[in-house]
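Reading the structure
Here is what each chain is made of, one letter per residue.
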Amino acid sequence: MPLFSIATSELDTRSRVAGFQDTVAELCRLEFTPDSLEGFRSATAIGVLPEVMLGWGRHSTCRAVRTVELAASGSDNVMVHFPRSGAFRMQQTGGAEVICGPGQIYIDPNETAGVSRFLVDRTDVFYISLPRPLVTGLRGINDHLRTRLDLTPQWRLLQRYGEALFEELPELTPDQLAQSSAHLHDLALSAFSARDPGPLPGTMAARLRMIKDDIAGLLHHPDLSPGLVAARHGISTRYLRMMFAEEKSSFRAHVLEERLRRAHGALSACESAGQAISDIAGAAGFSDLSWFNHCYRRRFNQTPRETRAEAGLAARYRHTA
């Protein structure tokens, strides 16, 4: 079983940065720039199994860059970063900048260029690199990539098994390595497939009711979006969408339904009989009148004008009855 390791402590002081860089660029496809040449301390170890690569890195404060060229030269893997101490900041092409520390993980598509910075004097990270075809078919996998996630029980099981396996690699036969690799695949699929745990179901339902109440007060807002609502409630947009998905709905569908209901209620009310339909649509959050008319007719099987006419007839009937 191929096992590679390199540490600055093993290199000549005068050339340790260059020597470490040359080796790591080949193994990890990274270019390191230490904050201090004299104080730079780093170590990396990598173990290669069938269809899995395990490793760990320990770095003082430095910057690590995966250039477009280095990214293109590597394999099409998905690497899970498990910080064990310290913290790092990461930004890859197509993703937001995130800071990741113990209790969190980062999902890294290896073919994507990016920049990371190790933020404290000693940051330890364990890595598990998996072939992309293993997880490609999973629903929502693209939402995981280039993101920070919480360390759930499923991810902890994967990490602990990976770390224990790494320690035992020199003692295992090829057949045992292949079997262990299959176990690791199963744990990885379980972790990638597991839903965001979030709050307990009862708490989730209560929070969703609060969110819907908040949305009801924001329907007129021109910038109403998942990001706006998630920020107001201190949750991620991914978790917000997941809560609506639990009800077989979506944020967009819920907002549209509530806006249409509000417009329908106003058009059916006697007190708004003199109000322009365009004003009613605008107050409900529709900025495009033709889109409003289209959605309204599809939802209520009549035009806004027909709803208003029916409401007028009903009011006259009640008045004369």
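This structure is a prediction, so every number in the text was calculated from the model and none was measured.

Secondary structure summary: the chain contains 13 helices and 12 strands in total. Counting only contacts in the chain whose residues sit at least 6 apart along the sequence, the fraction spanning at least 24 positions is 70%.

Looking now at the sheet that holds strand β8 (residues 98-100). As summarised here, the arrangement of the 5 strands in space is β2-β5-β10-β7-β8, forming an open sheet in which the pairing is antiparallel. Lying at the two open borders of the sheet, with one neighbouring strand each, are β2 (31-34) and β8. Pairs of neighbouring strands in the sheet enclose a mean axial angle of 20°, with direction left out of account. Relative to strand β10 (residues 114-118), strand β5 (residues 62-66) runs antiparallel, the two being bridged by 5 bridges.

This next bit is on helix α10 (residues 251-267). The α-helix winds at 3.6 residues per turn, so residues separated by three or four positions along the chain end up facing the same way. The end-to-end C-alpha distance of α10, which contains 17 residues, comes to 24 Å, matching closely the 24 Å that a straight helix rising 1.5 Å per residue would cover. Among all positions of α10, only F251, H254, V255, R259, L260, A263 and L267 are buried.

Under the definition given, this model contains 8 aromatic pairs. With centroids separated by 6.5 Å and ring planes inclined at 40°, the aromatic side chains of F82 and F126 adopt a geometry described as tilted. Here the residue F82 occupies a position in strand β6 (residues 77-85), and F126 occupies one in strand β11 (residues 123-131), the gap between them amounting to 44 residues. By the burial criterion, F82 is buried, and F126 matches it. With a centroid separation of 4.7 Å and an interplanar angle of 50°, the aromatic rings of Y296 and F300 are classed as tilted. With Y296 and F300 both in helix α12 (residues 289-300) and 4 residues apart, the pair spans about one turn of that helix. In this structure, Y296 and F300 share a single accessibility class: buried. Every member of this aromatic cluster is reached through a ring pair, and the members are F286, F292, Y296 and F300.

Our next topic: helix α8 (residues 226-233). Turning to α8, its buried residues are P226, V229 and A230. Viewed end-on, α8 has its buried residues packed into an arc of 100°, placing them on one side of the element. One or two steps after α8, the chain reaches G234, where phi turns positive at roughly 65°.

Buried together is how nonpolar side chains tend to be arranged in soluble globular proteins. Judged by nonpolar contacts, the single largest core of 29 residues is most densely connected at L54, F82, I105, I107, I128, W155 and F192. Of all elements in the fold, only β3 (42-49), β4 (52-59), β6, β9 (104-109), β11, α5 (153-168) and α6 (174-193) reach the threshold of two or more residues within this core. It is α6 that contributes the most residues to this core, 5 residues altogether. In contact with L54, other than residues within four places in its own chain, are A45, I46, G47, L49, F126, Y127, I128, G162, L165, F166 and L184. I211, L219, A230 and M242 belong to the second largest nonpolar core, which has 16 residues in total.

The subject of this paragraph is a nonpolar patch on the surface. A surface patch of nonpolar side chains, about 200 Å² in accessible area, is lined by I99, L119 and V120. Considering the arrangement of structural elements, one finds I99 in strand β8.

For residues with low pLDDT, the predicted coordinates do not support detailed interpretation. Averaged over the chain, the pLDDT score is 83; the fraction of residues at 70 or greater is 85%. Counting interchain partners and residues more than four positions distant, the pLDDT-below-50 stretch residues 196-200 has 8 contacts.

A word on the pattern of salt bridges. A full pass over the atoms with the stated rule returns 10 salt bridges. Residue D108 pairs with R66 through a salt bridge whose shortest N-O separation is 2.9 Å. Of the two residues, D108 is situated in strand β9 and R66 in strand β5; the sequence distance between them amounts to 42 residues. Relative accessible area serves as the criterion here: at 1%, D108 is assigned to the buried category. The salt bridge partner of R84 is E163, with a shortest N-O separation of 3.5 Å.

Moving on: unusual backbone geometry. In this model, E51 sits at a positive phi of 65°, which is unusual for a non-glycine residue. With respect to the helices and strands, E51 occurs in the loop between β3 and β4. Phi angles above zero are rare outside glycine, and R146 is one such case at about 60°. Within the secondary structure, R146 sits in the loop between α4 (141-144) and β12 (148-150). Classification of R146 by relative accessible area gives partly exposed; the value is 23%.

At a minimum axis distance of 8 Å, the contact between α5 and α6 shows a crossing angle of 160°. Classed by the angle they form, the pair α5 and α6 counts as roughly antiparallel. When you trace α5 past α6, the crossing you get is left-handed. In this structure, α5 uses Q154, W155, L157, L158, Y161, G162 and L165 to contact α6, whose residues at the interface are S180, H183, L184, L187, A188, S190, A191 and F192. Counted by class, the contact of α5 with α6 contains 10 nonpolar, 5 polar and no charged residues.

Parameters at a glance
Residues numbered from 1 in each chain as written. Predicted model: local features only at pLDDT ≥ 70, side-chain atom pairs only at ≥ 80, totals over all residues. Heavy atoms only, no water. Helix = DSSP H or I, 4+ residues; strand = E, 2+ residues; numbered from the N terminus. Contact = heavy atoms within 4.5 Å. Pairing = 2+ DSSP bridges. Axes fitted to C-alpha atoms, helices over the stretch in contact; angles between N-to-C directions. Expected span 1.5 Å × (residues − 1). Buried < 20%, exposed > 50% of the residue type's maximum accessible area, 1.4 Å probe, protein only. Phe/Tyr/Trp six-rings, centres within 6.5 Å; stacked < 30°, edge-to-face > 60°. Arc of directions from axis to C-beta. Core = buried A, V, L, I, M, F, W, Y, C linked by side-chain atoms within 4.5 Å. Patch = residues over 30% accessible without salt bridge, like charges linked within 9 Å, V, L, I, M, F, W, Y side chains within 5 Å. Areas by Shrake-Rupley, 256 points an atom, 1.4 Å probe, with all protein chains shown as cover. Salt bridge = Lys/Arg side-chain N within 4 Å of Asp/Glu carboxyl O. pLDDT = per-residue confidence, 0-100. Parallel < 35°, antiparallel > 145°, perpendicular 65-115°, else oblique. Left-handed = near helix turned anticlockwise from the far one by under 90°. Nonpolar A, V, L, I, M, F, W, Y, C, P; charged D, E, K, R; others polar.

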